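If you want the building blocks of each chain, they are given just below.
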Amino acid sequence: MRQLDPKLAAQRPLDIFVFSIESVQGQSLKTHEDSLRLLEKLGFKVGEFQVFEDMNRVIEHCEKVKNLRGDLPFEIDGVVLKLNDLSQREKLGYTSKNPKWATAFKFPPEEVETMVRSIEIQVGRTGNLTPVAHLTPVQISGSTVSKATLHNEDYIAEKDIREGDVVVVRKAGEIIPEVVRVNMDKRGPDTKVFEFPKKCPVCGSAAYRNEGEAYRQCLNASCPAQVRRKMEHFVSKKAMQIEHIGASIIERFMDQGIIEEIPDLYRLEEKKEKILSMDRMGEKSYQRMKDSVEASKQRDLHRFVYALGIPYVGEKTAKVLAENYDSIDEIVGSSKEAFEQIDEIGTVIAKEIEAFFQEERNVVLVEALKKAGVNTEKKKTNTQASRVFEGKKFVLTGTLPTLTRDQAKELIEKHGGSVSGSVSQKTDYLLAGEKAGSKRDKALELGIDILTEEQLMEWVR
DNA sequence: TGAGTTCTTG
DNA sequence: TAAAATGGGG
DNA sequence: CCCCATTTTACAAGAACTCA
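Source: prediction; values computed, not measured.

1. Here we look at the protein's contact with DNA strand B
Point 1. In the region of DNA strand B, 21 residues are neighbours, and Lys100, Gln122, Thr126, Ile175 and Thr317 sit closest.
Point 2. Taking Ser96, its side chain carries an N or O atom lying 3.1 Å from a phosphate oxygen of DNA strand B.
Point 3. Lys100 has a polar side-chain atom sitting 2.5 Å from a phosphate oxygen of DNA strand B.
Point 4. Taken together, the elements giving at least two residues each to the surface near DNA strand B come down to strand S4 (129–140), strand S5 (143–149), strand S7 (176–182) and helix H11 (315–324).
Point 5. Broken down by element, the surface near DNA strand B gets its largest block of residues, 3 residues, from H11.
Point 6. In terms of residue class, the surface near DNA strand B is made up of 6 nonpolar, 9 polar and 6 charged.

Given below as structure tokens:
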């Protein structure tokens with residue numbers, strides 16, 4: 001489906017099951033069942049569903065579907081269980097990743113045997129050493145598996161996984177390869193217990209493992225592997241979102257001495273000659289990278305905080321920090337006592353943040369980025385407003401439940417839309433409240449979408 | 001200790 | 001992991 | 001025009017760890 005030319009996609013024998021409806025105008029849906037019935041009535045195919053009152057029936061149903069799996073004209077990997085009552089759903093809400101009102105019952109994944117050719121050690125952004133099994137490639141549920149993570153030292157020891165072993169592999173959730181166990185019957189006579197390296201495989205410095213911790217870590221902050229991974233993290237989509245610079249460009253540029261550390265990304269023009277002289281690097285590639293780097297100077301504070309790669313400061317915690325401080329300088333100048341006062345930040349993370357900014361190198365990094373022109377301050381609400389209404393013309397009518405007309409207008413304009421007085425062909429949306437009159441009729445006649453205040457708010461959120 | 005996040009992997 | 005888009009270079 | 005390398009993106013889980 002992912003085609004630039006829709007005609008190409010249209011040629012493919014595609015079909016759709018609709019499984020959810022996000023918002024409807026002029027209808028109040030109380031349950032998920034209602035919404036599916038409505039979709040059916042409107043002519044959409046919906047996935048098969050059933051409503052249960054009793055959890056035991058739900059379990060029975062999952063078992064039943066499991067047995068039906070092979071008979072279906074399409075592949076499934078499980079059954080989705082959702083709370084039917086929409087108001088109850090709202091009460092449960094979401095974590096930052098998942099709804100709390102739905103879960104999936106997954107069928108046991110297909111298991112296949114293959115051989116562990118070698119166990120390689122990778123060094124991550126934080127210095128953690130993670131062992132990865134390189135396998136003789138095998139097909140499992142539709143794709144080729146050639147590697148699988150072994151997590152850590154203990155995991156290997158517990159399952160006694162050795163190079164040369166025949167192992168049972170499966171794809172958890174049909175995606176992530178996992179080594180389930182060793183087939184001991186097929187163990188060769190001269191396999192050796194895997195010895196986890198005590199040195200960083202990249203920089204050779206001693207790798208320590210703290211009491212009670214799972215990972216052995218390379219503590220050398222200048223370890224090339226770590227520097228590289230930190231840079232990948234910095235440019236990544238959820239961090240500074242520098243497009244067209246990925247893992248392999250970073251690696252090649254580092255090998256060529258074009259970049260050594262993160263701030264060098266902002267000085268590509270100094271190395272333009274060298275970049276262009278590289279294989280498969282032309283003016284266009286250079287310019288694209290340059291433009292992306294330039295654009296990254298305008299990212300909001302929370303992205304910057306996340307991009308720094310402070311231990312345990314992921315996306316969520318970065319946002320929490322950015323809500324509590326207006327700039328990176330304020331964060332750098334703060335203390336662990338202050339961090340601890342913030343909800344969701346405890347003693348451990350507070351200490352990590354403080355320690356991070358006590359490192360000279362990290363302060364230098366922040367200063368260098370600031371100097372390069374990277375934004376390190378929280379943007380004002382009006383500049384960070386979304387542009388969801390860009391180019392859209394609105395007309396207001398009736399009395400809105402909570403907003404005054406002026407407030408609604410301000411909100412629409414803040415998000416890039418415009419408001420006009422009367423409904424015409426050019427109108428994109430009618431925002432209608434109580435006692436909407438002729439404008440509403442006109443909008444209906446012209447087939448213009450009619451929004452409630454609630455839907456408008458939903459949109460800008 | 002349960003819930004949620006981070007970190008890592010293909 | 002797979003697949004499409006993109007640009008470089010032959 | 002074709003081949004190739006690179007990026008991007010969706011998919012997703014499990015282990016480790018923190019917070020409260």
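2. Details of the packing of helix H6 (residues 224–235) against helix H7 (residues 247–255)
Axis angle and axis distance: for two packed helices, these are the angle between their axes and the distance between the axes, and together they describe the pair.
Point 1. The N-to-C vectors of H6 and H7 enclose an angle of 135°; their axes lie 10 Å apart at closest approach. The orientation of H6 relative to H7 falls into the category oblique. As for how H6 packs across H7, the hand of that crossing is right-handed. Contacts between H6 and H7 involve Pro224, Val227, Arg228, Met231, Glu232 and Val235 from the first element and Ala247, Ile250, Glu251 and Met254 from the second.
Point 2. When the residues that make up the contact of H6 with H7 are grouped by side-chain class, the tally is 7 nonpolar, no polar and 3 charged.

3. Focus on the domain arrangement of chain A
Frequently, the measure chosen for interface size is the accessible area that the parts lose on association.
Point 1. Here chain A is partitioned into domain 1 (6–106), domain 2 (110–220), domain 3 (224–298), domain 4 (301–383) and domain 5 (393–460).
Point 2. Look at where the C-alpha atoms of domain 1 and domain 3 centre, and you get two points 43 Å apart.

4. Focus: the pattern of salt bridges
Point 1. Under the criterion given, the structure shown has 29 salt bridges.
Point 2. A salt bridge links Lys297 to Glu294, with the nearest nitrogen and oxygen atoms 3.3 Å apart.
Point 3. A salt bridge links Lys370 to Asp329, with the shortest nitrogen-to-oxygen separation between them at 2.7 Å. Separated by 41 residues along the polypeptide, Lys370 in helix H15 (residues 360–372) and Asp329 in helix H12 (residues 328–333) bring together distant segments of the chain.
Point 4. Relative accessible area serves as the criterion here: at 41%, Asp329 is assigned to the partly exposed category.
Point 5. Where salt bridges share partners, they join Glu111, Arg170, Glu178 and Arg181 into one cluster.

5. Quick notes on unusual backbone geometry
Point 1. Non-glycine residue Asp160 carries a positive phi angle of around 50°.
Point 2. Secondary-structure assignment places Asp160 in the loop between helix H5 (153–159) and strand S6 (166–172).
Point 3. Phi is positive for Glu174, which is not a glycine, with a value near 65°.
Point 4. With respect to the element layout, Glu174 can be found in the loop between S6 and S7.

6. Structural notes on H7
Point 1. Of all the residues in H7, the buried ones are Ile249, Ile250, Phe253 and Met254. On an axial view of H7, the arc spanned by its buried residues comes to 130°, and they lie on one face.
Point 2. Phi turns positive one or two residues past the end of H7, at Gly257, with a value near 75°.

7. Observations regarding the nonpolar core
When a protein is soluble and globular, its nonpolar side chains tend to lie buried together.
Point 1. Core analysis: the biggest nonpolar cluster contains 51 residues, and Phe234, Ile245, Phe253 and Leu265 have the highest contact counts within it.
Point 2. Contributions of two or more residues to this core are made by H6, H7, helix H9 (283–295), helix H10 (301–308), H11, H12, helix H14 (347–358) and H15.
Point 3. Among the elements that line this core, the one with the most residues is H10, at 6 residues.
Point 4. Residues lining this core come from more than one domain, with at least three contributed by each of domain 3 (224–298) and domain 4 (301–383).
Point 5. Counting 27 residues, the second largest nonpolar core, distinct from the first, contains Ile140, Val145, Tyr155 and Cys200.

8. Topic: the side chain of Arg89
Point 1. With respect to the helices and strands, Arg89 occurs in helix H4 (residues 86–92).
Point 2. Taking the relative accessible area as the measure of exposure, Arg89 reaches 9% and is therefore buried.
Point 3. Looking at Arg89, its side chain comes within polar contact range of the main-chain oxygen of Leu83, at 2.7 Å.
Point 4. In this structure, Arg89 is in contact with His32, Lys82, Leu83 and Trp101, ignoring residues within four places of it in sequence.

9. Some words on the sheet that holds strand S13 (residues 449–451)
Point 1. An order of S11-S10-S12-S13 is seen for the 4 strands of this open sheet, with the pairing classed as parallel. Across the chains shown, the open sheet's two edge strands, defined by having one partner strand only, are strand S11 (418–420) and S13. Recorded for the sheet is a direction-independent mean angle of 35° between the axes of neighbouring strands.
Point 2. Sheet analysis places strand S12 (residues 429–432) next to S13, joined by 3 bridges and oriented parallel. In the strand pairing of S13, Leu431 is matched with Leu451.
Point 3. Of the strands in this sheet, strand S10 (393–397), S12 and S13 are in contact with helix H18 (residues 438–446), which crosses S12 at around 145°.

10. Some details on the side chain of Asp300
Point 1. Turning to its location among the elements, Asp300 is positioned in the loop between H9 and H10.
Point 2. In this structure Asp300 is buried but unpaired, with Lys379 as the nearest side chain of opposite charge at 5.9 Å.
Point 3. A polar atom in the side chain of Asp300 sits 3.1 Å from the backbone nitrogen of Lys379.

Cut-offs used in this document
- Residue indices begin from 1 for each chain and proceed along its sequence in written order.
- For this description, chains carry letters from A and ligands carry numbers from 1, given in the order in which they are written.
- Given that the model is predicted, a residue must reach a pLDDT of at least 70 before its local features are reported, and side-chain atom pairs must reach 80 or more before they are shown or counted; all residues, however, enter totals for whole chains, interfaces and linings.
- Calculated side-chain values reflect all of the structure's heavy atoms, with hydrogen atoms and water omitted.
- Only a single heavy atom is needed: when it lies within 4 Å of a molecule or strand, its residue is near that molecule or strand.
- A 3.5 Å cut-off defines polar contacts: any pair of N or O atoms within that distance qualifies, except that in protein one atom must be a possible hydrogen donor and the other a possible acceptor, and neighbouring residues in sequence count only when both atoms are side-chain atoms.
- Where helices and strands are cited, they refer to DSSP runs of H or I of at least four residues and of E of at least two residues respectively, numbered from the N terminus.
- Throughout this entry, Asp, Glu, Lys and Arg are counted as charged residues, while Ala, Val, Leu, Ile, Met, Phe, Trp, Tyr, Cys and Pro are counted as nonpolar. The remaining residues, Gly among them, count as polar.
- Between the N-to-C directions of two axes lies an angle of 0 to 180 degrees, each axis being a line fitted to C-alpha atoms and, for a helix, fitted only over the stretch in contact.
- Should an angle fall under 35 degrees it is taken as roughly parallel, and over 145 as roughly antiparallel, whereas 65 to 115 is taken as roughly perpendicular and any remaining angle as oblique.
- Helix crossings are classified by the rotation of the near helix relative to the far one: an anticlockwise turn of less than a right angle makes the crossing left-handed, while a clockwise turn makes it right-handed.
- By the convention used here, residues are in contact when the closest approach between their heavy atoms is within 4.5 Å.
- What marks off one domain from the next here is an automatic or database domain assignment.
- We define a salt bridge as a contact between a side-chain nitrogen of Lys or Arg and a carboxyl oxygen of Asp or Glu at a distance within 4 Å.
- Only protein chains enter the accessibility calculation, which uses a 1.4 Å probe; a residue is then buried when its area is under 20% of its type maximum, exposed when over 50%, and partly exposed in between.
- Comment: arc refers to directions from the helix axis out to C-beta atoms.
- Put simply, buried Ala, Val, Leu, Ile, Met, Phe, Trp, Tyr and Cys residues joined by side-chain atoms within 4.5 Å make one nonpolar core.
- Strand pairing requires that DSSP identify at least two bridges connecting the strands.
- For the charge count, each Lys or Arg is scored as positive and each Asp or Glu as negative, with His and the chain ends excluded.

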